[in-house]
Amino acid sequence: MATDTRVILICSGKGGVGKTTLTANLGISLARQGLTTAVLDADFGLRNLDLLLGLENRIVYTAQEVLEEECRLDQALVKHKQESNLSLLPAGNPRMLDWLKPDDMKRIVDMLKEQFNYVLIDCPAGVEDGFKNAMAASQEAIVVTNPEVSAVRDADRVIGLLNTNSIKPVQLVLNRVRPKMMANQEMLSINDVTDILALPLLGLVLEDEQIIVSTNRGEPLTLNSVNSPAAKCYLNIAKRLQGEDIPLIDPLKESSGFGAKFRRLMQTKIF
Amino acid sequence: MNSNNQKIIINIGDINDPKWKIGFKNKLKMLRSNNLEIDSENIDLSCKDISEIIEIVNQYDCKITGFCSSSPKTIVSSQSLGYKSQFSIENNSKNTSDANKKNLTFSKTHFHQGTVRSGEYLESPGNLLILGDVNPGAKVSAEGNIIIWGKLLGIAHAGTKGNSKATISALQLRPVQLRIAKKIARGPKEKPQLGHAEQAKIDSEEIIITPLLTTQFNS
Ligand SMILES: Nc1ncnc2c1ncn2[C@@H]1O[C@H](COP(=O)(O)OP(=O)(O)OP(=O)(O)O)[C@@H](O)[C@H]1O
Ligand SMILES: [Mg+2]
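Residues numbered from 1 in each chain as written. Chains lettered and ligands numbered in written order. Predicted model: local features only at pLDDT ≥ 70, side-chain atom pairs only at ≥ 80, totals over all residues. Heavy atoms only, no water.

1. A look at the site of ligand 1
Residues and elements named next belong to chain A. The environment of ligand 1 is made up of 17 residues, and the closest members are G16, K19, T20, T21 and N175. In the model, an oxygen atom of ligand 1 is placed 3.5 Å from a nitrogen or oxygen of the D43 side chain. Between a nitrogen atom of ligand 1 and a main-chain N or O atom of L206, the distance comes to 3.0 Å. Protein contacts shield 82% of the accessible area of ligand 1, which totals 640 Å² for the unbound molecule. Broken down by secondary-structure element, the contributors of at least two residues to the shell around ligand 1 are α1 (19–32), β7 (170–177), β8 (201–206) and α10 (210–217). By residue number, the principal contributor to the shell around ligand 1 is α1, which donates 3 residues. For the shell around ligand 1, the per-class residue count stands at 5 nonpolar, 7 polar and 5 charged. (Near = heavy atom within 4 Å. Polar contact = N/O pair within 3.5 Å; in protein donor to acceptor, adjacent residues only side chain to side chain. Areas by Shrake-Rupley, 256 points an atom, 1.4 Å probe, with all protein chains shown as cover. Helix = DSSP H or I, 4+ residues; strand = E, 2+ residues; numbered from the N terminus. Nonpolar A, V, L, I, M, F, W, Y, C, P; charged D, E, K, R; others polar.)

Shown next as structure tokens:
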């Protein structure tokens, strides 16, 4: 039985910035470090964490049946084929949204806390009920954003809500970083984003085409393509979560030729 | 009885007192079907506390129009639940009515520490001093002056009740929009000079921005 389980909400405000991809890859990475990890799909409206993990065809029960006491938790949990430390608790059907309350989420998470070191909650986009329910059950949060004005604005809104609900710590992951665009000042710089959001940066994730391939295959990058640029980023994030002091990734080695510029783009200001 | 559109300010009492709900419910019983502004004085309320208050108020067929409090935490919580929220300045009289609010001068300054984030809204009936940034998407307003020890990137409105002498000062003044009394200006496009605090004020019917001189705070 795990005692000091960390319950982490993975949220963003804006949709499509990479929450589910982060949840899946972080789940795999933590599990590989020997940590028992549950990923909870709280996006009942548009569930797809099962898809990304390649577990869709093995779902029998969902969080819904657990809450309605039609099955036990361990019957609903889907263990990952390769990483046995990782389990998915699938989302129930979208109609759950009509009756689900913050206390229901808490009940589910309390059950998961008894068995796992980490509970990662894949949050739906937006700041409405789905987000509020998921937040009610969380202790800490990772806010995912992209180097785009609208994504940063929405992240800021979410951070305000997390702060007023005493979620701590709140850390930032900047996803879809394109060193070339940043160097050319076509994208917000890392400093631009951290300046506004005033959060500790847990990590950067590089833009990586292989993510699309891995999504389609239902195999997170960190599972079989550990040398791809984004996979390394996810692995580093998992290690930093565990308290390891890993410097931010140097895109020089990942996308050759941009190293010198990258150092500069840490400082450039654009708006 | 009060008519439905009359606004009543109700004090919730001390939420830390285990009996506060009873006292609060008793007050609501007398009011049934009214629009209420909740005054929480200096008590810190979380979103959870406020949700609880909303639930109680709904039981008595009342409607909350907004919150006022001298606790920044309460203001931010009620803001984030979508209620109009106003800073009140602590005064000795328990009975905070609109009438005695009017008697306050701008000499009172309200203090907020921390970043004001997108979607948040701070309002002060006096001056407003913010230690932190006002981010894009956030809005701050005051009947008096606004001083921001940080960056102003959102919207600021000073002199909301028409005082055209009001000013807006910030370490970096790069707002989306500035308002002083009835004047509106869009933020400057060019980047500010680093190392200069700046002040916006009305000069011959226009909002202008000038480097801030320390002596300007004395007036
Ligand atoms: N680092 C990256 N490089 C390239 N593509 C990425 C990256 N991260 C995410 N994507 C792509 O962006 C899309 C959205 O990702 P994902 O589903 O993880 O976002 P989300 O925040 O969970 O979205 P939603 O709000 O809809 O739940 C996917 O098609 C994914 O493949
Ligand atoms: Mg998703």
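Moving on from the coordinates now.
2. Here's the deal with the domain arrangement of chain B
Residue and element names in this part refer to chain B. Split by domain assignment, chain B resolves into domain 1 (8–90) and domain 2 (108–211). Centre-to-centre separation of domain 1 and domain 2, based on C-alpha positions: 29 Å. Between domain 1 and domain 2, the contact holds 12 residues from the first and 12 residues from the second. When domain 1 packs against domain 2, the two sides together hide about 1,000 Å² of surface, and 63% of this comes from carbon and sulfur. Inspection of the domain 1/domain 2 interface yields 0 residue pairs in polar contact (both at pLDDT 80 or more). Listing elements by their share of the side of domain 1 that touches domain 2, those giving two or more residues are α3 (72–80) and β4 (84–87). Grouping the constituent residues of the side of domain 1 that touches domain 2 by class yields 5 nonpolar, 5 polar and 2 charged. (Domains from an automatic or database assignment. Contact = heavy atoms within 4.5 Å. Buried area = accessible area lost by both parts, 1.4 Å probe.)

3. Examining the pattern of salt bridges
Applying the stated criterion across every chain, the model contains 16 salt bridges over all chains. The closest approach of N and O atoms between R107(A) and E69(A), which form a salt bridge, is 4.0 Å. One end of the pair, R107(A), is in helix α5 (residues 102–113); the other, E69(A), is in the loop between α3 (63–67) and α4 (73–76), and 38 residues separate them in sequence. The closest approach of N and O atoms between E205(B) and K183(B), which form a salt bridge, is 3.6 Å. Residue E205(B) is located in the loop between β14 (198–203) and β15 (206–211), and its partner K183(B) is located in strand β13 (residues 183–186); the two are separated by 22 residues in the primary sequence. (Salt bridge = Lys/Arg side-chain N within 4 Å of Asp/Glu carboxyl O.)

4. So, the nonpolar core
If you look at soluble globular proteins, the nonpolar side chains tend to sit buried side by side. In this structure, L9(A), L26(A), L89(A), L112(A), I121(A) and L162(A) are the most contacted members of the largest nonpolar core, which totals 91 residues. Each residue touching L89(A), except ones within four places of it in the same chain, is listed here: V39(A), L40(A), D41(A), T62(A), A63(A), V66(A), L73(A), A76(A), L77(A), I108(A) and L112(A). If you look at the next biggest cluster of nonpolar residues, it comprises 24 residues, including A138(B), A142(B), I148(B) and L152(B). (Core = buried A, V, L, I, M, F, W, Y, C linked by side-chain atoms within 4.5 Å. Buried < 20%, exposed > 50% of the residue type's maximum accessible area, 1.4 Å probe, protein only.)

5. Overview of the interface of chain A and chain B
Chain A puts 16 residues into the contact, and the matching count from chain B is 17 residues. Both sides together, the interface formed by chain A and chain B hides about 1,400 Å², and carbon and sulfur atoms give 48% of it. Scanning the region where chain A abuts chain B turns up 2 salt bridges. A salt bridge links K151(B) to D195(A); the nearest nitrogen and oxygen atoms lie 3.6 Å apart. In this assembly, chain A and chain B are joined by 5 residue pairs in polar contact (both at pLDDT 80 or more). Sorting the residues of the side of chain A that touches chain B by element identifies α7 (149–164) and α9 (190–197) of chain A as the ones contributing at least two each.

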